[in-house]
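Residues per chain, in single letters:
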Amino acid sequence: MLETTVSLLPVFFFLAGLIFLDSYKLVKPGSVVTAIILGCASALLLVWLARFEILPADRPFYPRYVAPVIEEVLKGVFLGSFIRTKRIGFMVDAAIYGFGIGAGFSFIENIQYLLLLKEPNLFLWIIRGLGTAIMHGGTTALFGVVSKSLSDRFSTEKGLVFLPGLAIAILIHSFYNHFFFSPQLSTLIILVALPSVFLLVFSQSEKSTRHWLGIGFDTDMELLQMITTGEISETKVGKYLKSLKERFAGEVVADMLCLLRLHLELSLRAKGILLMRQAGFKPPIGPEVKEKFAELRYLEKSIG
């Protein structure tokens, strides 16, 4: 039981940490579960192919040069399709989806090792759980981040934008499988390097999102004024809402606009109260604020 736990669970704790770090929480729990299932499916496909002995798995070069290519392509197909169909909005979302797919893949792979090896050495399963499993999640997440970044920069979802991310994922996977260092050191490098990379990606993604939206006191005022005067369609937020008409019913988009207006009103009020408190005043908070929060929760539930 202990061997199973240490080989299967750490990658899911890491995934939970990524979801916790995401400020905007645009990736829903159901979508994360879907990503994990797709990762499991890609690993099961590889297991099924191995039954036909098409792949020279017993050769030394297989884990170093062949396996990284096949496994990263299998994992990347699903994530690439999410980006192509615009189901992923930001780099952070791509990282979470990618790590979920990698977690699912490693879950099946480690179960297969548990069934085949029956190795009582706990150290081996710690390495599998903390090193190999998180490597699988990390390489697919990096593939998603790089691909999403290039897709946004060049405004295209064509196949070429996925090649650099795929090449990076394959190189890291191949490097890990070469065993240049001891298993302990390789696992330590993965555990130190990947969180650092993801923290940088999450920070940069949040900054770019806030810059794109133009968040601040002045922009809140301008945006609220544009909503009330009907000029919202000329802003980036307005263009984004307009694009949502293709995917949602008109009344849902109208609720989104109401939610945005209400959020701006509460945001401006909160900032004003904070400024007055800093100046030594204690402004009262009227009962209408409670009503607005109730309406906000209703709209969030209505939109879903």
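Every chain is numbered on its own, with residues counted from 1 as its sequence reads. In keeping with the model being predicted, local features are shown solely for residues with a pLDDT of at least 70 and side-chain atom pairs are shown and tallied solely at 80 or more, while totals for entire chains, interfaces and linings include all residues. As a rule here, side-chain values cover all heavy atoms of the structure and leave hydrogens and water aside.

Helix numbers and strand numbers start at the N terminus; a helix is a DSSP run of H or I with at least 4 residues, a strand a run of E with at least 2. In terms of helices and strands, the chain carries twelve helices and zero strands. In the chain, the succession of helices and strands from N to C terminus is α-α-α-α-α-α-α-α-α-α-α-α. Projected onto its principal axes, the C-alpha coordinates of the chain cover approximately 70 × 45 × 30 Å. Taking all 304 residues of the chain together, 39% fall into the buried category. Of the contacts formed within the chain by residues at least 6 apart in sequence, a portion of 77% connects residues at least 24 apart. Relative accessibility under 20% of the residue-type maximum defines a buried residue, over 50% an exposed one, and the middle range a partly exposed one, all with a 1.4 Å probe and only protein chains included. Whether two residues are in contact is decided by their heavy atoms: any pair within 4.5 Å suffices.

Take the side chain of Thr187 next. Examined against the element boundaries, Thr187 turns out to sit in helix H8 (residues 183-213). Within polar-contact distance, the side chain of Thr187 engages the backbone oxygen of Pro183 at 2.9 Å. Those residues in contact with Thr187 that lie beyond four places of it in its chain are Ile127, Leu130, Gly131 and Tyr176. N or O atoms closer than or at 3.5 Å make up a polar contact, with two conditions inside protein: a donor-capable atom paired with an acceptor-capable one, and, for residues adjacent in sequence, both atoms drawn from side chains.

The residue Lys148 is located in helix H6 (residues 122-154) in this model. On the basis of relative accessibility, which here comes to 8%, the residue Lys148 falls in the buried class.

Right, let's talk about the confidence of the model for the chain for a bit. Averaged over all residues, the pLDDT of the chain equals 86, while 95% of them reach at least 70. The pLDDT value expresses, per residue, how confident the predictor is, ranging between 0 and 100. Predicted confidence in the chain is weakest over helix H9 (residues 217-229), with a mean pLDDT of 72, and strongest over helix H7 (residues 163-177), with 95.

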